[in-house]
Amino acid sequence: MSETLQLPKTDDRVAVYSALFPQVRDLLNDEHDLIAAMANVSAALRQAFNWHWIGFYRVMGAELVLGPFQGPVACSRIGHGKGVCGTAWADERTLIVADVDKFPGHIACSPLSKSEIVVPIRDRSGRIAAVLDIDSERMDDFNEVDAHALGRICTLLEPLFE
Ligand code: SME
């Protein structure tokens, strides 16, 4: 495995995701530990896009519990159906929030976060086992391109959940 990511210097997100995906896949091919894999995925996304906060919350009983992340400290537990993360878990779908202030119940871990995307991750039996949460300092920073590409990246983690 190479520990250096090769990323194009461009604002074209499709191009960056295209370069990133096979490198993340290779990185995860060599790693069977879930925490190590999530840690490197959050770091790779940070390197590629420099978003404000990128991280994982794992389903543990009735809550989401903070996992590996890149960025400032964040709330460590989120209830089912609470905030953007808990809603994505309850609804079992990716949520794109263009303006976090307009999302009822948004949990503001940082005043710098303006928009957010949350992608649920399933385990091998199809249950939601975690979510990938990304916060941007820019309003309306995420769209279907991100939902699709981040969903593909999250799929790579699915075999690592028990
Ligand atoms: N904003 C999230 C909480 C997690 S932080 O953004 C890291 C939410 O509303 O669920």
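Structure: above.
Now for a look at the structure at hand. (Residues numbered from 1 in each chain as written. Predicted model: local features only at pLDDT ≥ 70, side-chain atom pairs only at ≥ 80, totals over all residues. Heavy atoms only, no water.)

Observations regarding the overall build of the protein
- Across its full length, the protein holds 4 helices and 6 strands.
- Taken from N to C terminus, the helices and strands of the protein fall in the order α-α-β-β-β-α-β-β-β-α.
- Compactness check: the protein gives a C-alpha radius of gyration of 15 Å against a globular reference of 15 Å for 162 residues, within 12% of the reference.
- Viewed in the frame of its principal axes, the protein has a C-alpha envelope of about 40 × 35 × 25 Å.
- Put simply, the protein has 162 residues, and 46% of those count as buried.
- About 8200 Å² of surface is accessible on the protein, with carbon and sulfur atoms providing 48% of the total.
- Across the protein, the centroid of the 15 positively charged side chains sits 2 Å from that of the 23 negatively charged ones. (Helix = DSSP H or I, 4+ residues; strand = E, 2+ residues; numbered from the N terminus. Rg over C-alpha atoms; globule rule 2.2 N^0.38 Å. Buried < 20%, exposed > 50% of the residue type's maximum accessible area, 1.4 Å probe, protein only. Areas by Shrake-Rupley, 256 points an atom, 1.4 Å probe, with all protein chains shown as cover. Lys, Arg positive; Asp, Glu negative; His and termini not counted. Charge placed at Lys NZ, Arg CZ, Asp CG, Glu CD.)

Section: the side chain of Gln23
- Tracing the sequence through the fold places Gln23 in helix H1 (residues 13-29).
- Within the local environment of Gln23, its side chain forms a polar contact with the backbone oxygen of Gln6, the two atoms lying 2.7 Å apart.
- Setting aside residues up to four positions removed in sequence, Gln23 forms contacts with Thr4, Leu5, Gln6 and Leu7. (Polar contact = N/O pair within 3.5 Å; in protein donor to acceptor, adjacent residues only side chain to side chain. Contact = heavy atoms within 4.5 Å.)

Some thoughts on the nonpolar core
- If you look at the biggest cluster of nonpolar residues, it comprises 34 residues, and the most contacted ones within it are Leu20, Leu45, Leu132, Ile134 and Leu157.
- Of all the elements in the fold, those that place two or more residues in this core are H1, helix H2 (34-49), strand S1 (53-60), strand S5 (115-122), strand S6 (128-136) and helix H4 (144-157).
- No other element matches the 8 residues that H2 contributes to this core.
- In contact with Ile134, other than residues within four places in its own chain, are Leu45, Trp51, Trp53, Ile54, Ser115, Glu116, Ile117, Phe142 and Leu150.
- Listed in part, the 15 residues of the second largest apolar core include Val84, Cys85, Leu95 and Val97. (Core = buried A, V, L, I, M, F, W, Y, C linked by side-chain atoms within 4.5 Å.)

Observations concerning H2
- The end-to-end C-alpha separation of H2 is 22 Å, in line with the 22 Å expected for 16 residues at 1.5 Å each.
- Along H2, the residues classified as buried are Leu34, Ala37, Met38, Val41, Ser42, Ala44, Leu45, Ala48 and Phe49. Each buried residue of H2 sits inside an arc of 160° when the element is viewed along its axis, so together they form one side.
- Contacts from the buried residues of H2 go to H1, S1, strand S2 (63-70), S6 and H4.
- Where H2 begins, one side-chain oxygen reaches toward the backbone nitrogen of Ile35, 3.1 Å away; that side chain belongs to Asp33. (Expected span 1.5 Å × (residues − 1). Arc of directions from axis to C-beta.)

Some points on the site of the ligand
- Close to the ligand lie 13 residues; Val84, Cys85, Ile107, Glu116 and Asp135 are nearest.
- Contact between the ligand and Val84: an oxygen atom at 2.9 Å from a main-chain N or O atom of the residue.
- The contact in question runs from a nitrogen atom of the ligand to an N or O atom on the side chain of His106, over 3.3 Å.
- Elements with a minimum of two residues in the shell around the ligand: S1, helix H3 (83-91) and S6. (Near = heavy atom within 4 Å.)

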